[in-house]
Amino acid sequence: MKISFSLNEQQVETDVELHETLLQLLRRRGMISVRYGSDSGETGAGAVLIDGQLTSTDCMLAVQIDGHDVLTVEWFNKPELHPIQAAFVATGAMQSGYSTPAMILGAWELLNRNPNPTEHEIRDMLSGILDRETAYVKPVEAVMRAAALMRGEANEPFGPVYLPPLTDGKNPVDVSPDDDAPDASPAVPRVVPSKDVPEMAVVGKPEVKVDAVRLVKGNPAFTDDFEERGQLIAKVLRSPHAHANIIDIDDKKAVALPGVHAVIHYKNTPRIKYASGGQSWPNPHPHDQVSFDNKVRHVGDRVAAVAAETKEIAQTALGLIKVEYEILPYVLDEVETMEPNSPVIHDEEDTEEIYDADKNIVLRIEAERGDVEKGATEADYVFEDTFKVHQVQQVPIEPHISVAWLDSDERLVVRTATQVPFHVRRMLAPLIGRDIKDVRVIKPRIGGGFGAKQEMLIEDIVAHLAIATRRPVKLELDRSEEFIASRTRHPQTLTFTTGVEDSGKLVSQNLRLIGNTGPYGTHGQTVQTVAGLRGLTSYNAENKKFDCDVVYTNTPVAGAYRGYGAPQAEFALEAHMEDIAHSLGKDPIEFKRQNWVKVGDELNIAPHLGERPAGPDDIDEYPRITSNGIEECIAQGKRSIKWHRKDDPNWVSPKDQPNIRRGLGFAFCMHGTAIPFLDMGGCSIKINDDGSFNMLVGATDLGTGADTVLGQIAAEVLGVPLSDIQVYSSDTDVTPFDTGAYASSTTYISGTAAKLAAEKVRERIKERAAKLLNIKEPCSIELRDRKAIAPDGSSVSIEDIAMEAFHLEDHEQIMGTASYVSPECPAPFAAQFAEIEMDIDTGQVTIIKLVMAVDCGVAINPVTASGQVEGGMLQALGYAHCEEYAFDETGKMINDSLGPYKIYRADEMPDFEVFLVQTMEDSGPFGAKAVAEIPKDGVAPAIRNAIINATGVAINEIPFTPERVWQKIRESEI
Amino acid sequence: MPSVLAYHRPQSLDEAQKLASGKNAVLIGGGTLVIPEVLSNPSSETEIIDLQSVGLTGITSENEGNETSIKIGAMSRLSDLINNENIPHLLRELCSKELPSTLRTQATIGGTIAERSSESILLSGFLAINAEIQIHEKNWIPLNEYLQSSPPTGIVTAIKFFGPSDEFKSCFHSVGRTPMDVPIVSAVGYSKSKGNFQVSFTGVAEVPTLINASDELANLNPQGDFRGSSDYRKHLASVLYTRIAQEMQA
Ligand SMILES: Cc1cc2nc3c(=O)[nH]c(=O)nc-3n(C[C@H](O)[C@H](O)[C@H](O)COP(=O)(O)OP(=O)(O)OC[C@H]3O[C@@H](n4cnc5c(N)ncnc54)[C@H](O)[C@@H]3O)c2cc1C
Ligand code: FES
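A brief look at the structure comes next.

Parameters and conventions
Residues numbered from 1 in each chain as written. Chains lettered and ligands numbered in written order. Predicted model: local features only at pLDDT ≥ 70, side-chain atom pairs only at ≥ 80, totals over all residues. Heavy atoms only, no water. Helix = DSSP H or I, 4+ residues; strand = E, 2+ residues; numbered from the N terminus. Rg over C-alpha atoms; globule rule 2.2 N^0.38 Å. Buried < 20%, exposed > 50% of the residue type's maximum accessible area, 1.4 Å probe, protein only. Contact = heavy atoms within 4.5 Å. Areas by Shrake-Rupley, 256 points an atom, 1.4 Å probe, with all protein chains shown as cover. Lys, Arg positive; Asp, Glu negative; His and termini not counted. Charge placed at Lys NZ, Arg CZ, Asp CG, Glu CD. Pairing = 2+ DSSP bridges. Axes fitted to C-alpha atoms, helices over the stretch in contact; angles between N-to-C directions. Near = heavy atom within 4 Å. Polar contact = N/O pair within 3.5 Å; in protein donor to acceptor, adjacent residues only side chain to side chain. Nonpolar A, V, L, I, M, F, W, Y, C, P; charged D, E, K, R; others polar. Salt bridge = Lys/Arg side-chain N within 4 Å of Asp/Glu carboxyl O. Buried area = accessible area lost by both parts, 1.4 Å probe. Arc of directions from axis to C-beta. 1 Å grid on protein atoms, 1.4 Å probe; cavity = no way out; pocket = protein on both sides within 12 Å on 5 of 7 lines; lining within 4 Å. Points joined across faces, edges and corners; volume = space filled by probe spheres on them. Patch = residues over 30% accessible without salt bridge, like charges linked within 9 Å, V, L, I, M, F, W, Y side chains within 5 Å. Phe/Tyr/Trp six-rings, centres within 6.5 Å; stacked < 30°, edge-to-face > 60°. Lys NZ or Arg CZ within 6 Å of the ring centre and 35° of its normal.

### Side note on the overall build of chain A
Argument step 1. Of regular secondary structure, chain A possesses 23 helices and 33 strands.
Argument step 2. Here the C-alpha atoms of chain A give a radius of gyration of 28 Å, agreeing with the 30 Å that 2.2 N^0.38 yields for 974 residues.
Argument step 3. Expressed as lengths along the three principal axes of its C-alpha atoms, the size of chain A is roughly 85 × 80 × 65 Å.
Argument step 4. Looking at chain A as a whole, 68% of its 974 residues qualify as buried.
Argument step 5. Across chain A, contacts joining residues at least 24 apart in sequence account for 78% of those joining residues at least 6 apart.
Argument step 6. Counting every atom, chain A has about 32200 Å² of accessible surface; 49% of that belongs to carbon and sulfur.
Argument step 7. The positive charge centre, built from 95 side chains, and the negative charge centre, built from 149, are 2 Å apart in chain A.

Here it is as structure tokens:
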């Protein structure tokens, strides 16, 4: 049908298919800033202005637009940025930037209507655009600042406020109730500098993200923004059953449908075993997957895949595939699955190294230091608590998407939204019968990953189809598939048993954990191991034991999710420690402080837990804590949350609201930084004629700002501004190897690789400069302000050195390549505080404020680092409060869309405040430790402990949804 | 193949009515619910009848006796109500809470009424204030009657209600997982004159439901789901009713 409408003020006449959505039409016409996040308007990633109003495009037919006006961000794009775009850039208001164009359009519409909007009005405007990364903190600030600019007012440059420390860095202090935290916008990171950290030119500065312009303009950046000629669309037929054998598949009708190019399933793909978790070689066992199996093990499991000319044809073809199932009993619960009558989920012959397939136990993990049983007998008290944590999803707004094709040399190329391009290349090659050298994986920008994309999830499907059809094939998951067929956080049942002396000192701590990996092992080992690590290294006790079963069930598959097993374990641990303190009549922070690890303390069980655990006699020296800023974190956090209120009965139980209770809660958080001796990063840097540099990294920036941070590190070494570093990541043909973005490793590991590569380049520059300046000792030369400067003040520009090297004397390409793997895993620490209000008649808990003060070493970029903390806390808030998988009686997830699966939106967020407490971590690049995962750890226990403050009720299960809380209140009869 | 067989944009109500009687015809207001549903169903065969040009927009006020009657055309978007000063504050607030920014500019009042969702707080708001609706070629009927009867066919053309009087009082209470989540149970209280009030609930029956006296609460038999069991929903209804009663009688 022909329609006519105005697109970015140009009248357009075009033919549309009747089933085409407006989103599809706009993207087809090159408006690639309009992004896919859902099919029913839930994410707002594709919102545009229709007749001047912000409107979703995914739940509207293209024909509905006939006669209307549409504006997209492309309309704004001039060489210079619009003030709104500039404000988003300046404040670091985008991480992956996937939904940023929609936010910019909404801001423009709002500011035209209302030049001086309140925060409430800005949040209301953002209410339809879901964001998993910024927690909306910096976008709100960006709109405020854009409004000021557009009103003709000047803005102060955006950057951190620097606060004087409240402690000496080691000892606790009392925070006076009259001492107010300094007033600043919530978006502004509060940095507490350390005297151990020297002043630097680029590191530690709120540099603008290197890819900011690309993102605010909605320029091509993501996998779906690039199209191969003749691209086919793939769709996957998924199991409607939680557990069934496939007796037969008849694909004749589907194959015969015009427009269908290939149908693949267990009968026509090779049965090659693999494990899909994106991890270092050799991938941990068991390798319990094949591309297409003759058994399905969860609702949403793969049955077949189709490549066709259009999505509609592919979808129709799926309906024509006849599958004969033998339905089997299923099990979802991790405890039940080990019982004698439970169905056996992996009964096939060809999966090796399942610990006990008959009991659905994938593997057992055991580690002990000292003697826990003896410790417990000797203790004055023994406390035991069991906790249950549930299944949640990462919910990246960009779903999984991959495109594969054969290039002109017939090598297989995959462009894919992945966190682990090098692992994908290595793992994919054998599945399609190719050598690694015949596979190339390109990772463009990713619209969020959070661990869900640390997996080879769909790349094998597009690869098989591209080879079968000899055409480019694209597969993009829809929102429902993201829930049922992607990856999730592991549900777990955790029991802590802790022996304590009269004095309050811990003597033994045992963690019994049952981890539910769903029907495939993928990250089962690593995640549960990290849960053990995080559960058992935060507090000192001579005797420690981890005893874990990782089990199969028929839930959707669990995998990596930001924080790995830490959020689960730290919920249980911080709840358990809180309850022990209350039982002993001790102040919880004092009790925890007495026992938490301090500088110099041994991480006594750590080396025995890991992907490659050390045996009992393998260790000469245990790793120790090298830096710890927790006391300063606590002081800053207490002041910000007004901690003294928790002891004021009039505040806890306001007299004029008998159904309301208020509470404050605390959680101590400790995380790791990368996996020692395993995570590796590579970097290569070369100089250009003008003294700028190209930097190639294998690291993957998920929106975390990794490219920016790595660029800052190189710029600091090379004495140039960040704008002189062009960062490119990552392409397995071009960039050096990197294990990928996970385990809080990028800044620390890839950052050190970047520093080492830059130092090699710096040496060459200095040597050439010494010659040019007639200086004997190149090492006396300093690189600063784009110059090589000799001690006597003479200098030569880096540009002149480059020109000389390329064109005049001793010709050479100045370049350096380096890689790094760390022997250490320095721990970041944090204090998480929560303020809540609850209605004891209904059980509804409202989160009022979350404060996190983090010791992440030196924040290379305080703006991106605080953004990491904000985004992490947002996801942790969902985990604690509202997100959960719900299943019907057939084992099917019933809330597989956003809305029923509730994630926080802009107009309902609690207040956030982030403090970055500096310490100098000597092993990290310029003093850095990790920051990306620790904000996932403390929110759930802090909220739980706040509920205890409010009501005295201890709840050992999350999320704190109204009915669950109400039931607990009823049981405790308060 | 999910197939939209035809798309019509009738220019008058009569034309729309005629098209709507077709075998595969489906009316759309904004289409926020219909379009995703049609496209996700591979075997659907649908003729879309888009009501955007039949002239059902506009919000008007008229004096009827000493009261003001406010009439809203069925194709008004939720955002049109939010931006209209004549619409009572509570309804504007309910529109903002019903749908986020990117959907309330598309979804229509007619679609919201015809959908009869048990979770629609906006519909519940209209119900509490005794709104009436009009179906093309039929007389005005109370919204309550429309919701309590089996789903009628026909094009919803408008909704009307009396504007706030001097003694008018209204309030909204809800319980949800988060502040802006679709409430598990919500209640709109409305009192036209002192001493009388009624409460309209979502989340306790198949459609938003009006309760005039506390003993009617015992008749509720809500369907439970993972967000709230049947018993819990009943408990919430009773808590919210008591709160509203106190507020209305204060
Ligand atoms: C992401 C999302 C979130 C949502 N959240 C909520 C929520 O929180 N609470 C809630 O209650 N609802 C919610 N909804 C549903 C929402 O209320 C409806 O989408 C909207 O109000 C319907 O308006 P529409 O004009 O788009 O309806 P349409 O999709 O156009 O139509 C809906 C129904 O009404 C019929 N219809 C439309 N107009 C007329 C008319 N004039 N006369 C007769 N029949 C007509 C259609 O045939 C269809 O059956 C949500 C929807 C989405 C997509
Ligand atoms: S920038 Fe928000 S979803 Fe990515």
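### Observations concerning the sheet that holds strand E9 (residues 169–175) of chain B
In any sheet, the strands associate via hydrogen bonds between backbone groups, in a parallel or an antiparallel arrangement.
Residues and elements named next belong to chain B.
Argument step 1. Overall, antiparallel pairing links the four strands, which are arranged E9-E10-E11-E12 in an open sheet. A single partner strand is all that each edge strand has here, and the edge strands are E9 and strand E12 (209–211). Sheet twist, expressed as the mean angle between neighbouring strand axes with direction ignored, is 20 degrees.
Argument step 2. Note that strand E10 (residues 185–191) and strand E11 (residues 198–202) share five bridges and pair antiparallel. Counterpart to Gly189 in the pairing with E11 is Val199.
Argument step 3. Along the sheet, helix H7 (residues 121–128) makes contact with E9, E10, E11 and E12, crossing E11 at roughly 160 degrees.

### Let's talk about the sheet that holds strand E15 (residues 381–389) of chain A
Residues and elements named next belong to chain A.
Argument step 1. Taken together, five strands build an open sheet; the order of strands is E14-E22-E21-E20-E15 and the sheet is mixed. With one partner strand each, in any of the chains shown, strand E14 (361–369) and E15 form the two edges of the open sheet. Neighbouring strand axes in the sheet, compared pairwise and without regard to direction, differ in orientation by 10 degrees on average.
Argument step 2. Relative to strand E22 (residues 543–551), E14 runs antiparallel, the two being bridged by eight bridges. Paired with Ile365 across the strands is Cys548, a residue of E22.

### Some words on the site of ligand 1
All names here are of chain B.
Argument step 1. Neighbouring ligand 1 are 29 residues; Leu27, Gly29, Gly30, Thr32 and Thr108 lie closest to it.
Argument step 2. Note that an oxygen atom of ligand 1 is positioned 2.4 Å from one of the side-chain N or O atoms of Thr32.
Argument step 3. At 2.7 Å, a side-chain N or O of Thr112 approaches an oxygen atom of ligand 1.
Argument step 4. Coverage of ligand 1 by the protein chains reaches 85% of its 970 Å² of free accessible surface.
Argument step 5. Of all the elements in the fold, those that place two or more residues in the shell around ligand 1 are strand E2 (25–28) and helix H6 (109–115).
Argument step 6. Per element, the largest residue contribution to the shell around ligand 1 is five residues, and it comes from H6.
Argument step 7. For the shell around ligand 1, the class distribution of residues is 13 nonpolar, twelve polar and four charged.

### Concerning the pattern of salt bridges
Pairing is possible between side chains that carry opposite charge, provided their charged atoms lie close to one another.
Residues and elements named next belong to chain A.
Argument step 1. A complete count under the given rule lists 77 salt bridges over all chains for this structure.
Argument step 2. Of the charged contacts, one joins Asp211 and Arg445 as a salt bridge, the two residues approaching to 2.6 Å between their closest N and O atoms. With a gap of 234 residues between them, Asp211 in the loop between strand E7 (190–192) and helix H6 (212–216) and Arg445 in the loop between strand E18 (439–442) and helix H11 (459–469) connect regions that are remote in the sequence.
Argument step 3. Asp211 gets classed as buried once you look at its relative accessible area, which sits at 2%.

### Let's talk about the interface of chain A and chain B
Argument step 1. Of the residues lining the interface, 53 residues belong to chain A; the matching set on chain B comes to 45 residues.
Argument step 2. Where chain A abuts chain B, roughly 3900 Å² becomes buried across the two surfaces, and 57% of that area is made up of carbon and sulfur atoms.
Argument step 3. A per-residue breakdown of the area chain A buries against chain B is headed by Cys59, Gln64 and Glu963 of chain A, which together make up 14% of the total.
Argument step 4. The tally of links from chain A across to chain B stands at three salt bridges.
Argument step 5. A salt bridge links Arg243 of chain B to Asp839 of chain A; the nearest nitrogen and oxygen atoms lie 2.7 Å apart.
Argument step 6. In this structure, the connection of chain A to chain B is made through 27 residue pairs in polar contact (both at pLDDT 80 or more).
Argument step 7. If you list the elements that add at least two residues to the side of chain A that touches chain B, you get strand E4 (53–55), helix H4 (119–126), helix H8 (311–320) and helix H23 (962–972) of chain A.
Argument step 8. No other element matches the four residues that H8 of chain A contributes to the side of chain A that touches chain B.
Argument step 9. Taken together, the residues that form the side of chain A that touches chain B break down as 20 nonpolar, 21 polar and twelve charged.

### Looking at the pairing of strand E26 (residues 725–728) of chain A
All names here are of chain A.
Argument step 1. The alternating pattern of E26 places Ile725 and Val727 on a buried face and Gln726 and Tyr728 on a face that is not buried.
Argument step 2. As judged from the four bridges shared by strand E25 (residues 693–697) and E26, these two strands associate in the parallel manner. Along E26, the bridge assignment pairs Phe693 with Ile725.

### Focus on H4 of chain A
Argument step 1. When we look at burial in H4 of chain A, the residues that qualify are Ile122, Arg123, Met125 and Leu126 of chain A. One side of H4 of chain A carries all its buried residues, which in axial view fall inside an arc of 155 degrees.
Argument step 2. Buried residues along H4 of chain A sit in contact with E4, helix H3 (100–113) and helix H5 (137–150) of chain A together with helix H5 (101–104) of chain B.

### Regarding the layout of surface pockets
All names here are of chain A.
Argument step 1. Of the volumes computed, that of the second largest pocket is approximately 1100 Å³.
Argument step 2. Along the walls of the second largest pocket sit 46 residues, with His120, Glu121, Arg123, Asp124 and Met125 positioned nearest its centre.
Argument step 3. For the lining of the second largest pocket, the element with the highest residue contribution is H4, accounting for six residues.
Argument step 4. Along the lines of polarity and charge, the residues of the lining of the second largest pocket split into 18 nonpolar, eleven polar and 17 charged.

### Thoughts on unusual backbone geometry
Residue and element names in this part refer to chain A.
Argument step 1. Cis peptide bonds are those with omega within 30 degrees of zero, and the linkage from Trp281 to Pro282 qualifies with -10 degrees.
Argument step 2. In this structure, Pro282 sits in the loop between strand E10 (260–265) and strand E11 (295–296).
Argument step 3. Cis geometry is found at the peptide bond from His285 to Pro286, where omega equals -5 degrees.
Argument step 4. Phi at Glu9 takes a positive value of approximately 70 degrees, unusual for a residue other than glycine.
Argument step 5. Structurally, Glu9 can be placed in the loop between strand E1 (2–7) and strand E2 (10–15).
Argument step 6. Positive phi, close to 65 degrees, is recorded for Glu410, a residue that is not glycine.
Argument step 7. Within the fold, Glu410 resides in the loop between strand E16 (401–406) and strand E17 (412–416).
Argument step 8. On the accessibility criterion, Glu410 (41% relative accessible area) is partly exposed.

### Comments concerning the pairing of strand E8 (residues 156–162) of chain B
All names here are of chain B.
Argument step 1. Within E8, six of the seven residues are buried, which leaves it mostly tucked inside the rest of the structure.
Argument step 2. Of the pairings in the sheet, the one linking strand E5 (residues 67–73) to E8 comprises five bridges and is antiparallel in character. Note that in E8 the partner of Ser69 across the bridge is Phe162.
Argument step 3. Here strand E6 (residues 132–135) runs beside E8; their pairing, made up of four bridges, is antiparallel. Bridging across to E8, Glu132 finds its partner in Lys160.

### Side note on a negative patch on the surface
Argument step 1. Residues Asp689, Asp690, Glu799 and Asp800 of chain A make up a contiguous surface patch of negative charge.
Argument step 2. By secondary structure assignment, the location of Asp689 of chain A is in the loop between strand E24 (680–687) and E25.

### Brief notes about the packing of aromatic side chains
Residue and element names in this part refer to chain A.
Argument step 1. Overall, the coordinates contain 21 aromatic pairs over all chains when judged by the stated rule.
Argument step 2. With centroids separated by 5.7 Å and ring planes inclined at 85 degrees, the aromatic side chains of Phe76 and Trp108 adopt a geometry described as edge-to-face. Residue Phe76 is found in the loop between strand E5 (69–71) and helix H2 (83–91), and its partner Trp108 is found in helix H3; the two are separated by 32 residues along the sequence.
Argument step 3. You can call Trp108 buried: its relative accessible area is 17%.
Argument step 4. Ring geometry for Phe483 against Tyr901: centres 4.7 Å apart, planes inclined by 50 degrees, an arrangement best described as tilted. On the criterion of sequence distance, the pair formed by Phe483 in helix H12 (residues 479–485) and Tyr901 in the loop between helix H21 (862–881) and strand E33 (911–917) is long-range, its members being 418 residues apart. Accessibility assignment for this pair places Phe483 and Tyr901 in one class, buried.
Argument step 5. Ring pairs connect the aromatic residues Phe483, Tyr885, Phe887 and Tyr901, which therefore count as one cluster.
Argument step 6. Above the plane of the ring of Tyr622 lies Arg369, whose end atom (NZ or CZ) is 3.8 Å from the centre.

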